[in-house]
Amino acid sequence: MGIDSDLLHKIKGVIECPNPDKDIRRFDANLRLFPPFIDNDVCPLTIKNTILQSCYLRNTEWVCGVAVYTGNETKLGMSRGIPEPKLTAMDAMIDKLTGAIFVFQIVVVIVLGIAGNVWKDTEARKHWYVLYPNEGPWYELLVIPLRFELLCSIMIPISIKVSLDLMKGLYAKFIDWDAEMIDHETGCPSHATNTAISEDLGQVEYILTDKTGTLTENKMVFRRCCINGIFYGNESGNALKDARLLNAVASGSPDVIQFLTVMAICNTVIPVQSKTGAILYKAQSQDEDALVQAAAKLHMVFVSKSGNILEIRYNASVLHYEVLEILEFTSERKRMSVVVRDCQNRKIILLSKGADEAILPYTAAGQQTRTFSEAVEQYAQMGLRTLCLAWRELKEDEYHEWSLMFREASSTLVDREWRIAEVCQRLEHDLEALGITAIEDRLQDGVPETIETLRKAGINFWMLTGDKQNTAIQIALSCNFISPEPKGQLLLIDGKTEDEVSRSLERVLLTMSITTSEPKDVAFVVDGWALEILLKHYRKAFTDLAILSRTAICCRVTPSQKAQLVELLKSCDYRTLAVGDGGNDVRMIQQADIGVGISGREGLQAARAADYSIGKFRFLKRLILVHGRYSYNRTAFLSQYSFYKSLLICFIQIFFSFISGVSGTSLFNSVSLMAYNVFYTSIPVLVSVLDKDLSEETVMQHPQILFYCQAGRLLNPSTFAGWFGRSLFHAIVVFIISINAYAYEKSEMEEVAMVALSGCIWLQAFVVTLETNSFTILQHLAIWGNLIAFYVINWIVSAIPSSGMYTIMFRLCGQPSYWITVFLIVAAGMGPILALKYFRYTYRPSKINTLQQAERLGGPILSLGNIEPQPRSLEKEVSPLSITQPKNRSSVYEPLLSDSPNARRSFGSGTPFDFFQSQSRLSSSSYSRNCKDN
């Protein structure tokens with residue numbers, strides 16, 4: 001059925017809406033139609049009938065609407081802030097080393113500039129052939145320092161950024177091309193969105209992870225239930241196969257029928273009939289889909305939805321219900337309700353479902369809810385997700401009076417959400433609890449093994465979930481987050497007031513500080529309410545607790561609290577990785593040093609906002625241990641080698657100044673210097689992107705070697721000092737041997753320069769060879785092919801009369817003394833380094849050297865011992881008095897501004913357009929579900 005285009009053009013009206021804002025969860029507006037549409041004088045508009053920019057329209061063939069916000073004034077356009085640039089730990093270290101070299105360069109220029117001017121005034125004027133005038137202009141003192149500035153400018157390799165960017169781009173491609181990180185179930189490959197932080201993966205110290213959809217499959221399966229005090233499914237583990245429940249359904253038990261009716265109706269699911277006649281359900285959440293599917297298997301089938309009329313088929317009878325109002329779920333109310341009219345007896349019924357703490361306190365006086373509370377506790381300890389179902393019959397007068405208030409609240413433009421919640425509270429009382437549903441969310445394959453391996457690598461885990469405490473604890477036990485007693489110990493931080501939370505925190509801190517000396521796996525658990533107080537009033541003490549604890553479970557947390565916890569750990573200089581799968585994890589992912597999104601059933605919001613996207617949690621192990629570690633090792637070598645080769649040629653220039661009257665004269669011509677950096681030394685090191693110090697299998701079997709990356713053992717001031725000393729030593733060797741050898745033969749200075757350059761190129765080849773762990777054909781071609789290319793290029797240049805190098809290379813290569821000199825340079829330069837490397841490898845081997853030797857010999861390594869990092873020490877010992885609440889709290893504890901109530905609500909999973917829907921086949925409440933990202 002369509003709308004007549006002539007009638008559509010006659011529709012006129014006004015949309016009353018707020019100024020553009022970036023809150024994608026709210027759109028409080030009204031539509032006022034002009035006559036003759038008097039009946040629709042005021043029509044409230046919400047985010048449910050709004051389509052946001054860049055979404056996909058589903059489950060409907062057409063939609064008629066009007067654009068509300070456009071351009072940069074759309075909600076997503078205003079939310080599109082400038083992302084904070086992420087600086088890796090290695091980039092920060094390289095920047096510091098660059099600053100140190102710059103200071104060294106300035107000192108060298110000043111010292112040599114002064115020495116050059118002194119030599120000029122004392123010695124140069126004595127030699128007539130130098131042709132220095134007796135008096136010169138005032139700026140003559142700056143000439144020699146400026147010459148040395150030009151000579152020393154290559155101390156800082158400008159090419160290092162280009163080389164690093166090229167290699168980091170390849171690191172990202174290796175992740176994209178990794179066939180072992182493809183989720184074969186969905187065909188989803190891993191993808192690196194950010195190509196600049198791959199080496200940070202190898203330095204991760206904390207992983208903060210969501211639970212549902214990240215550690216679990218987010219495939220909800222209805223397992224057990226408790227109806228009117230009777231437990232179903234406990235014996236078989238599947239209530240749908242429980243004979244007692246099937247008999248109760250067949251006999252038409254009123255309690256069971258009412259329970260199933262709430263399961264089938266109290267939702268926002270849309271049934272769609274396929275071409276084969278089967279009924280498919282389009283659900284906003286997996287929980288709702290599981291409940292509707294379970295009700296259908298128990299013969300309470302949700303058949304169709306036409307406008308506001310629902311058709312339910314129960315056994316042979318067909319029931320119809322008219323949906324009068326939908327009271328949407330919010331994170332504050334923790335429940336949703338629908339008001340329906342039974343078309344058979346015209347009764348108005350309120351059906352509700354939600355968390356037990358949001359339903360049971362609002363039951364009618366005198367109803368026994370103890371059994372339901374026990375059922376919730378029992379199911380939560382099994383790791384099941386629970387919902388409480390309830391209902392109440394409404395009187396016509398009561399509903400109509402409430403409906404007017406609800407319509408008024410729905411059309412207000414100020415504090416609409418708060419007004420609606422207040423009005424909903426007026427209806428959701430005196431409920432009759434029907435029972436408890438228990439849904440299983442299975443762990444993903446490989447999650448326990450992945451967490452166990454990464455914990456061996458010295459990585460700490462925090463679980464941040466919006467689920468119940470008992471459910472989160474059971475999932476944590478199942479996936480090796482925490483160890484059961486007596487090996488593990490779980491400490492609880494709870495409380496509703498500041499005093500209660502402070503006492504709980506004090507007790508946990510004291511216990512944690514005592515047990516740090518014992519080999520015990522200690523973790524703490526905190527809920528969202530207590531966490532809000534901790535972050536606001538006891539941030540310093542909570543930070544101390546974060547340093548002491550390797551594992552934490554944070555329950556009932558909001559998206560803003562997840563981001564605050566990431567910020568807390570980053571303030572302690574930990575490298576953090578956040579992993580999640582839904583829109584409520586986006587803030588946490590963007591706040592972390594590394595964000596990993598899982599392309600799951602919650603859409604692609606997290607994957608698109610993350611630096612890396614993976615199909616399953618188990619791929620995190622390979623992402624960190626293989627790709628992260630290799631990236632760190634390769635980047636450490638490339639960055640230090642780049643400084644080494646630049647310092648080497650620069651030191652030779654400095655040494656030459658000592659025999660050229662400290663005049664700032666260059667030994668090498670400009671063409672040779674350019675080719676040295678661009679061709680001769682860049683190509684061999686770029687293939688280090690393929691280097692592997694250990695095989696992937698060895699790395700996965702011995703994850704504890706990741707500590708060398710976490711501790712920055714391969715790139716730090718001490719390792720850089722070693723490369724600095726190597727460049728100085730090689731410069732001395734090259735300069736002394738080349739100068740002495742060709743001074744003996746009274747050669748031209750151009751020949752001496754070419755001999756020195758040849759010695760540098762040969763040393764580069766052997767240095768790269770020595771530092772390479774695994775050789776491939778490409779690496780041999782790059783190293784030795786580059787050496788051959790050096791001679792080919794110089795032979796060609798030497799054949800050009802105007803090149804300034806005419807016949808030099810031909811003459812040198814024909815002299816046996818040239819090849820003897822090159823051999824002496826290589827032997828003198830590499831001999832001590834080889835001896836030192838042999839001594840360290842033989843008598844003081846690292847754990848990595850041990851594994852390398854085992855790989856070469858083909859023998860197993862039984863144990864590498866403990867190489868985990870030592871825990872960070874606190875700034876000062878925590879005392880109970882430091883936690884007790886003071887009178888003036890702001891003077892002791894760092895304040896943390898709490899977010900507004902709107903900021904603490906969970907993100908929805910939909911991403912609709914900024915486009916108002918006026919007519920559609922679907923009801924307005926369905927659009928937030930139909931607009932998930934593809």
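Treat the numbers as computed from the prediction; the structure is a model and nothing was measured.

Peer 1: Hey, could you run me through the overall build of the chain in this one?
Peer 2: A tally of helices and strands in the chain yields 31 helices and 26 strands. In the chain, which comprises 934 residues, the share counted as buried stands at 52%. Surface accessibility of the chain: about 42400 Å² in total, with carbon and sulfur atoms responsible for 58%.

Peer 1: Help me out: how do you make sense of the sheet that holds strand E13 (residues 309-314) in this one?
Peer 2: Backbone-to-backbone hydrogen bonds pair the strands of a sheet. The strands run either parallel or antiparallel. Strand order in the open sheet made by the nine strands is E9-E8-E18-E17-E16-E15-E14-E13-E12, with antiparallel pairing throughout. The open sheet has two edge strands, strand E9 (230-232) and strand E12 (300-306), and neither has a second partner. Each strand of the sheet is rotated relative to its neighbour by a mean of 30°, with strand direction disregarded. Taken together, the three bridges between strand E8 (residues 216-227) and E9 define a ladder with antiparallel strand orientation. The partner of Cys 226 across the bridge, within E9, is Phe 231. Contacts from helix H11 (residues 396-411) reach strand E14 (317-327), strand E15 (335-342), strand E16 (348-354) and strand E17 (385-394), with the element oriented near 40° to E14.

Peer 1: Just to check I follow, could you spell out the confidence of the model for the chain for this structure?
Peer 2: Where the model shows low pLDDT, its predicted coordinates should not be examined in detail. In the predicted model, the chain carries a mean pLDDT of 83, and the fraction of residues at 70 or more is 86%. The low-confidence segment residues 868-934, where pLDDT is below 50, has 207 contacts with residues more than four positions distant or belonging to other chains.

Peer 1: Teacher, can you tell me more about the nonpolar core here?
Peer 2: Looking at soluble globular proteins, one finds that nonpolar side chains tend to be buried together. One finds Ile 207, Leu 577 and Leu 620 to be the most contacted residues of the largest nonpolar core, which totals 131 residues. Per element, the largest residue contribution to this core is 23 residues, and it comes from helix H21 (residues 619-657). Among the nonpolar cores identified, the runner-up in size contains 48 residues, and Met 220, Cys 225, Leu 245 and Tyr 281 belong to it.

Peer 1: I tried to follow a nonpolar patch on the surface on my own but got confused; where do I start?
Peer 2: On the surface, a cluster of nonpolar side chains totalling about 700 Å² of accessible area is made up of Phe 102, Val 103, Ile 106, Val 107, Ile 110, Val 111, Ile 114 and Val 118. Note that Val 107 resides in helix H3 (residues 89-122).

Peer 1: Help me understand the packing of aromatic side chains in this model?
Peer 2: In the structure shown here, the tally under the stated rule is 30 aromatic pairs. Ring-pair connections join several aromatic residues into one group, and the members of that group are Tyr 680, Phe 790, Tyr 791, Trp 795, Tyr 818 and Trp 819. Cation over ring: Arg 335 sits above Tyr 362, and NZ or CZ is 4.7 Å from the ring centre. Here the guanidinium or amino end of Arg 726 rests over the ring plane of Trp 723, the centre of that ring lying 4.4 Å away.

Peer 1: What's the story with helix H14 (residues 469-478) in this structure? I'm lost.
Peer 2: Within an α-helix, residues lying three or four positions from one another point in the same direction, as the helix has 3.6 residues per turn. Of the positions making up H14, those classed as buried are Thr 471, Ala 472, Ile 473, Ile 475 and Ala 476. Count one or two residues on from H14 and you reach Asn 480, which has phi positive near 65°.

Peer 1: What's the story with the environment of His 429 in this structure? I'm lost.
Peer 2: Positionally, His 429 belongs in the loop between helix H12 (416-427) and strand E18 (432-443). His 429 gets classed as partly exposed once you look at its relative accessible area, which sits at 27%. Not counting residues up to four positions away in its chain, the partners in contact with His 429 are Tyr 362, Arg 392 and Glu 398. Polar contacts involving the side chain of His 429 include one to the main-chain carbonyl oxygen of Arg 426, which spans 2.9 Å. A polar side-chain atom of His 429 sits 3.1 Å from a polar atom in the side chain of Asp 430.

Peer 1: I'm lost on the pairing of strand E22 (residues 551-555) in this one. Help?
Peer 2: Regular strands show a simple pattern: their side chains alternate between the two faces of the sheet. Among the five residues in E22, five count as buried, and that is most of the element. Taking every second residue as pointing to the same face, both faces of E22 are buried, with Thr 551, Ile 553 and Cys 555 on one and Ala 552 and Cys 554 on the other. For strand E19 (residues 460-464) and E22, the ladder comprises four bridges, and the chain directions are parallel. Its bridge partner being in E22, Trp 462 is matched across the sheet by Ala 552. Inspection of the sheet shows strand E21 (residues 521-527) paired to E22 by five bridges, in the parallel sense. Bridged to Val 525 within E22 is Ile 553.

Peer 1: What am I meant to see in the pattern of salt bridges here?
Peer 2: Between side chains of opposite charge, a pair can form as their charged atoms come close. Taken as a whole and judged by the stated rule, the model has 34 salt bridges. In this structure, the salt-bridge partner of Glu 440 is Arg 442, at a minimum N-O distance of 3.9 Å. The exposure class assigned to Glu 440 is partly exposed, which follows from its relative accessible area of 23%. Accessibility expressed as a relative area gives 44% for Arg 442, which makes it partly exposed. Note that Asp 585 is salt-bridged to Lys 562, the shortest N-O span being 2.7 Å. Placement of the pair is Asp 585 in the loop between strand E23 (576-580) and helix H19 (586-591) and Lys 562 in helix H18 (residues 559-571), with a sequence separation of 23 residues. On the accessibility criterion, Asp 585 (0% relative accessible area) is buried. When its relative accessible area of 2% is taken as the criterion, Lys 562 is described as buried. Here the salt bridges share partners, and the residues they tie into one network are Asp 178, Glu 180, Arg 622, Lys 692 and Glu 696.

Peer 1: What is the right way to look at unusual backbone geometry in this model?
Peer 2: Residues other than glycine predominantly adopt negative phi, and peptide bonds predominantly adopt the trans conformation. Positive phi outside glycine occurs at Lys 334, with the angle close to 60°. Residue classification places Lys 334 among the partly exposed positions, given a relative accessible area of 27%. Look at Thr 807: it is not a glycine, yet its phi comes out positive at around 70°. By the secondary structure assignment, Thr 807 is in the loop between helix H28 (777-798) and helix H29 (808-813). For Thr 807, a relative accessible area of 27% corresponds to the partly exposed category.

Cut-offs used in this document
Residues numbered from 1 in each chain as written. Predicted model: local features only at pLDDT ≥ 70, side-chain atom pairs only at ≥ 80, totals over all residues. Heavy atoms only, no water. Helix = DSSP H or I, 4+ residues; strand = E, 2+ residues; numbered from the N terminus. Buried < 20%, exposed > 50% of the residue type's maximum accessible area, 1.4 Å probe, protein only. Areas by Shrake-Rupley, 256 points an atom, 1.4 Å probe, with all protein chains shown as cover. Pairing = 2+ DSSP bridges. Axes fitted to C-alpha atoms, helices over the stretch in contact; angles between N-to-C directions. Contact = heavy atoms within 4.5 Å. pLDDT = per-residue confidence, 0-100. Core = buried A, V, L, I, M, F, W, Y, C linked by side-chain atoms within 4.5 Å. Patch = residues over 30% accessible without salt bridge, like charges linked within 9 Å, V, L, I, M, F, W, Y side chains within 5 Å. Salt bridge = Lys/Arg side-chain N within 4 Å of Asp/Glu carboxyl O. Phe/Tyr/Trp six-rings, centres within 6.5 Å; stacked < 30°, edge-to-face > 60°. Lys NZ or Arg CZ within 6 Å of the ring centre and 35° of its normal. Polar contact = N/O pair within 3.5 Å; in protein donor to acceptor, adjacent residues only side chain to side chain.

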